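Examination of the molecular architecture
This is what each chain is made of:
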Amino acid sequence: MTGKVALVTGAGMGIGEAIVQKLASEGASILIADFNVDAGKKVTAALQSSGTKAEFVQADVTKREDWDRVVEAAKKTFGRVDILVNNAGTAYEAENSLTVSEKNFDKVFSVNVKSIFHSVQAVFPLMISGGGGSVVNISSIAALRPRGKLVWYNASKAAVSNATKALAHEFGPDGIRVNAVCPVLVPTQLANNFVPTFENTPEGRAKAATLFQIPLGRLTTTEDVANMVCWLSSDESSFITGTDNNVDGGRSI
Ligand SMILES: NC(=O)c1ccc[n+]([C@@H]2O[C@H](COP(=O)([O-])OP(=O)(O)OC[C@H]3O[C@@H](n4cnc5c(N)ncnc54)[C@H](O)[C@@H]3O)[C@@H](O)[C@H]2O)c1
């Protein structure tokens, strides 16, 4: 990863934080875009103190003007973007689909899907001018094996996985690879939406793994996701594009 520049959205905490730590540990420079200023700055400072060239830009991924500021920062500080990880995402508390609000529907499609629409038009031209790159979209096993109560979250992730394939097809000739990563439950703050009574303790995680019928008997860790993202970002996966990569301990079998 030495010499590569990675732009990661939603890296102020959770899965995104683990992704930037992994990419930085392999030598990449990091640009974090997150709307949570305190969290984003804290993660950026930790990377800088361990010797990584890192920068933070406060951005809401649903807004095109914020993407334009992120790209300006990328050009100014790093001159290029080799890796784009569309990680920022949101959900709503599992709920009967007869009552889920229109606001929550709009929220999941805006943060999870529209963000990727903007990322293409804002970031891809810079990647193409730099000779290509690797894009990793954080989807979910919910895209492939949906369950009730989170219908519109699942559908937004299905859109992420579908767009991933079509983008890979369209931009392959430009040297851009586009892949998706599909975790099952990861114990971050978002997990409380998926399992209302979720407790992030060894017992709570084991209970959730049983509930989700995961053959390998545990939940996805943030590091499991980061390792897959790192491989998909690296030249070791140079012939891999348009794929969903399940990081789910066999849940989707
Ligand atoms: N946690 C899980 O069980 C799980 C499972 C499968 C997929 N995912 C996906 O992984 C990704 C990361 O989830 P997580 O569990 O780390 O969540 P998290 O809530 O712990 O972290 C999300 C981060 O994204 C940022 N963010 C949210 N909305 C944003 C916006 N509009 N603009 C900029 N930044 C924004 C937040 O500030 C936060 O730093 C999401 O796309 C999520 O859907 C999570």
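Within any chain, residue numbers begin from 1 and follow the written order of that chain's sequence. Two thresholds apply to this predicted model, a pLDDT of at least 70 for residue-level local features and 80 or more for giving and counting side-chain atom pairs, whereas whole-chain, interface and lining totals are computed over all residues. Working from all heavy atoms in the structure, the side-chain values ignore hydrogens and water.

**Considerations on the pairing of strand β3 (residues 54–58)**
In short, DSSP must find at least two bridges between two strands for them to pair. For the purposes of this entry, the term helix denotes a DSSP run of H or I that reaches at least four residues, the term strand denotes a run of E that reaches at least two, and both are numbered from the N terminus. Here strand β2 (residues 29–34) runs beside β3; their pairing, made up of five bridges, is parallel. Following the sheet pairing, A33 is matched in β3 by V57. A right-handed crossover is one whose linking path, passing over the helix from the first strand to the second, runs clockwise when the strands point away from the viewer. Remark: the β2/helix α2 (residues 37–49)/β3 crossover connection has right-handed handedness.

**A closer look at the pairing of strand β4 (residues 83–86)**
Consecutive residues of a regular strand have side chains that alternate between opposite faces of the sheet. Here β4 shows two buried faces, one formed by I83 and V85 and the other by L84 and N86. Bridging between strand β1 (residues 5–9) and β4 involves three bridges; their strand directions are parallel. Each bridged residue has a counterpart across the sheet, and for L7 the counterpart in β4 is L84. In this region the chain leaves β4, passes through helix α4 (residues 102–129) and returns to the parallel neighbour strand β5 (residues 133–138); the handedness of that crossover is right-handed. Note on classification: 1.4 Å probe, protein chains only; a residue is buried when its accessible area is under 20% of the maximum for its type, exposed when over 50%, partly exposed between these limits.

**Observations concerning the packing of aromatic side chains**
A pair of aromatic rings is counted whenever rings of Phe, Tyr or Trp (Trp by its six-membered ring) have centres within 6.5 Å, and the orientation is called stacked for planes under 30 degrees apart, edge-to-face for over 60 and tilted otherwise. Using the criterion set out here, one finds four aromatic pairs in the structure. Between F105 and F109 the ring centres are 4.9 Å apart and the planes differ by 25°, which places this aromatic pair in the stacked class. Highlighted residues: F105 and F109, both in helix α4, separated by four residues, approximately one helical turn. Judged by its relative accessible area of 23%, F109 falls in the partly exposed class. When the centroid spacing of 5.5 Å and the interplanar angle of 70° are considered together, the rings of F105 and W152 count as edge-to-face. Placement of F105 in helix α4 and of W152 in helix α5 (residues 151–171) is noted, with a sequence separation of 47 residues between them. Members of the aromatic cluster, each reached through a chain of ring pairs, are F105, F109 and W152.

**Here's the deal with unusual backbone geometry**
Phi is positive for K149, which is not a glycine, with a value near 80°. Secondary-structure assignment places K149 in the loop between β5 and α5. On the basis of relative accessible area, K149 is assigned to the partly exposed category, the value being 48%. Although it is not a glycine, Q213 adopts a positive phi angle of roughly 55°. Looking at the secondary structure, you find Q213 in the loop between α7 (202–211) and α8 (222–233). Judged by its relative accessible area of 64%, Q213 falls in the exposed class.

**Quick notes on α7**
Residues of α7 that are buried: G204, A208 and A209. Down the axis of α7, the smallest arc covering the buried residues is 135°, so these residues share one side. For α7, exposure combined with an orientation more than 90 degrees from the buried face picks out P202, E203, K207 and T210. Phi turns positive, to about 55°, at Q213, one or two residues after α7. By definition, the arc is the one covered by directions from the helix axis to the C-beta atoms.

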